[in-house]
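# Analysis of the macromolecular model
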Amino acid sequence: MKVLVAVDKNPETFIGLRYACHLLENNGASVSALHVRPDYQEVAAESYAPFATRESVEGEIDAISHEVENLFDEACESCVSDGILCKLEIAAGDPADEILNAASNGQCDMIVLGSQEQSYVRGLLLGTVHAKILHYAQQPVLIVRQFRELHNVLIVHRGSATDGAALGFVGNLLSKKDVQITLLHVQETTQSESDEFARSSLQKGAQILRSFDLEPMTKIARGEFVEEILKDVAVHRYDLVVLGAYGHKRPRYLRLISDDALNLARLTTRPILVYRD
C-alpha cells in the first residue's frame, strides 16, 4: 500500500504522519510525505516586515522547507521502527492541486491530512484544502486531528456499494490489529427505511469484515444521520471513524462527496477515513 501524507512547518501536521504509520504498522506499506512550498505572494502578505525584499521572503520560504525536513526526519523514525518505508517530497504550487496530482501520479492508495492551526494547509476544523481534496480525490482520505492509539473503530454502514468497498479497504488495514469494531447503521427517519433493510445492511457488512477475520459488534440508531453518529462518537472512545463518501444516491457526473460525509469530516475531532474510489 502506498500512502501520501501532506505536511508543512507546523508540527501538528505531522500527527497525520505518525497516525498513518501506526495504522499501517506491519502492513508492508510505504509512505510519502509531501510538503508544498508556500507561495511567495502569500508569505510576503503575512510578513511583519512591510519592506521585505523578494530575496528575504524567498529565504524565509527556504528556511520553512528546511524546518519541514528536520521535522520529517524526526517523525519518520517512528515509521521506520514500524517497518514502513518513508520519504519526503517537496513541490510548489497550489497545495490542494499538488496533493491531488502527487496522489494520482504516484498511484497512492490513500491521502492523509494532519491537523493544523495556522498552516499553509489551511483550516480550522476543515479548511478549503481539506474540502477540495475530499471532493476531488480518487482515493480514500484520512483526516487526523489528534493521535490516538488504535483500539476502537466505528464503521458507518448505510448498505451502499461504496460502503461495501470501504469495508473491504479498512478490513485489509485492520486485519492484523487487535481492535474492537462497531458497525453502525443509522436508520434515517427521512428515508423511510424498513427494519428489515437496516438488519440486512448490517448482516452484509459484518460478513465482509468476517472475511478478514474481524468480528464486529453491530447496532442500529434511528434519527438524523450526522447527529446520530456524532452522538455515538461523543459517548464512546473511538480512535477512528470510517464511512463511505456517498450515500445511496452517488452523483452520476460530479465526484463531490455527500453533504453528510463532508459535515462529519468538519465536525468530528476523531480521526476520520472517508472512503472514495
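Residues numbered from 1 in each chain as written. Predicted model: local features only at pLDDT ≥ 70, side-chain atom pairs only at ≥ 80, totals over all residues. Heavy atoms only, no water.

## Quick notes on the overall build of the chain
Broken down by element type, the chain carries nine helices and ten strands. When burial is assessed residue by residue, the chain has 53% of its 277 residues classed as buried. Sequence-distant contacts in the chain: of pairs separated by 6 or more residues, those separated by 24 or more amount to 79%. Approximately 13,200 Å² of the chain is accessible, and the part contributed by carbon and sulfur atoms is 48%. (Helix = DSSP H or I, 4+ residues; strand = E, 2+ residues; numbered from the N terminus. Buried < 20%, exposed > 50% of the residue type's maximum accessible area, 1.4 Å probe, protein only. Contact = heavy atoms within 4.5 Å. Areas by Shrake-Rupley, 256 points an atom, 1.4 Å probe, with all protein chains shown as cover.)

## What about the packing of aromatic side chains?
Scanning the entire structure with this criterion turns up two aromatic pairs. Between Y19 and F147 the ring centres are 6.2 Å apart and the planes differ by 80°, which places this aromatic pair in the edge-to-face class. With Y19 in helix α1 (residues 14–23) and F147 in the loop between β5 (141–143) and β6 (152–156), this pair connects stretches of sequence that are 128 residues apart. Look at Y19 and you get buried, because its relative accessible area is 0%. According to the relative accessible area criterion, F147 is partly exposed, its value standing at 29%. Its end group placed over the ring of F147, R18 keeps NZ or CZ at 4.2 Å from the ring centre. Geometry around F225 places R158 over its ring, the cationic atom sitting 3.6 Å from the centre. (Phe/Tyr/Trp six-rings, centres within 6.5 Å; stacked < 30°, edge-to-face > 60°. Lys NZ or Arg CZ within 6 Å of the ring centre and 35° of its normal.)

## Here we look at the nonpolar core
Judged by nonpolar contacts, the single largest core of 47 residues is most densely connected at L17, L142, V153, I155 and L174. In this structure L17 touches V5, V31, F72, A75, C79 and C86, once residues within four positions along its chain are discounted. Counting 39 residues, the second-largest nonpolar core is a separate cluster that includes I99, I111, V156 and L243. (Core = buried A, V, L, I, M, F, W, Y, C linked by side-chain atoms within 4.5 Å.)

## A closer look at the sheet that holds strand β2 (residues 30–37)
The ten strands are arranged β3-β2-β1-β4-β5-β10-β9-β6-β7-β8 in an open sheet whose pairing can be described as mixed. Of all the strands in the sheet, the pair left with one neighbour each is β3 (85–92) and β8 (217–223). Adjacent strand axes in the sheet meet at a mean angle of 20°, parallel and antiparallel pairs treated alike. Note: strand β7 (residues 180–188) against β8, seven bridges, orientation parallel. Residue pairing in the sheet places H185 in a bridge with I220 of β8. Sitting on the sheet, helix α8 (residues 225–235) is in contact with β6, β7, β8 and β9 (240–244), with an inclination near 150° to β7. (Pairing = 2+ DSSP bridges. Axes fitted to C-alpha atoms, helices over the stretch in contact; angles between N-to-C directions.)

## Quick look at the confidence of the model for the chain
Regions with low pLDDT carry predicted coordinates that are not meant to be interpreted in detail. Chain-level pLDDT for the chain is 86 on average; 88% of the residues reach the 70-or-more range. By mean pLDDT, the top-scoring element of the chain is β6 (97), and the lowest-scoring one is helix α2 (residues 40–46) (62). Per-residue pLDDT stays below 50 along residues 117–125; that stretch engages in 30 contacts with residues further than four places along the chain or on separate chains. (pLDDT = per-residue confidence, 0-100.)

## Quick look at helix α6 (residues 161–174)
The end-to-end C-alpha distance of α6, which contains 14 residues, comes to 20 Å, matching closely the 20 Å that a straight helix rising 1.5 Å per residue would cover. For α6, a buried count of ten out of 14 residues is recorded, marking the element as mostly surrounded by other parts of the structure. Looking at α6, one finds that the buried residues are T162, D163, G164, A166, L167, F169, V170, G171, L173 and L174. (Expected span 1.5 Å × (residues − 1).)

## Observations concerning the packing of α1 against helix α3 (residues 54–81)
What describes two packed helices is the angle between their axes and the distance between those same axes. Two elements in contact, α1 and α3, have axes separated by 9 Å at closest approach and are oriented at 20°. Taken together, the axis directions place α1 and α3 in an arrangement best described as roughly parallel. Crossing angle aside, the handedness with which α1 passes α3 is right-handed. Across the interface between the two elements, F14, L17, R18 and C21 from α1 touch V68, L71, F72, A75, S78 and C79 from α3. In the contact of α1 with α3, the residues fall into eight nonpolar, one polar and one charged. (Parallel < 35°, antiparallel > 145°, perpendicular 65-115°, else oblique. Left-handed = near helix turned anticlockwise from the far one by under 90°. Nonpolar A, V, L, I, M, F, W, Y, C, P; charged D, E, K, R; others polar.)

## Some remarks on unusual backbone geometry
Phi is positive for Q107, close to 50°, though the residue is something other than glycine. For Q107, the location among the structural elements is in the loop between α4 (95–105) and β4 (110–113). Positive phi is not limited to glycine here, since D213 has a value of about 60°. Its location among the elements puts D213 in the loop between α7 (195–210) and β8.

## Some words on the environment of Y19
Taking the C-alpha atoms as reference points, Y19 and S78, separated by 59 residues in sequence, lie 10.0 Å from one another. Those residues in contact with Y19 that sit more than four places away from it in its chain are L142, V144, F147, R148, L150, D239, L240 and P271.

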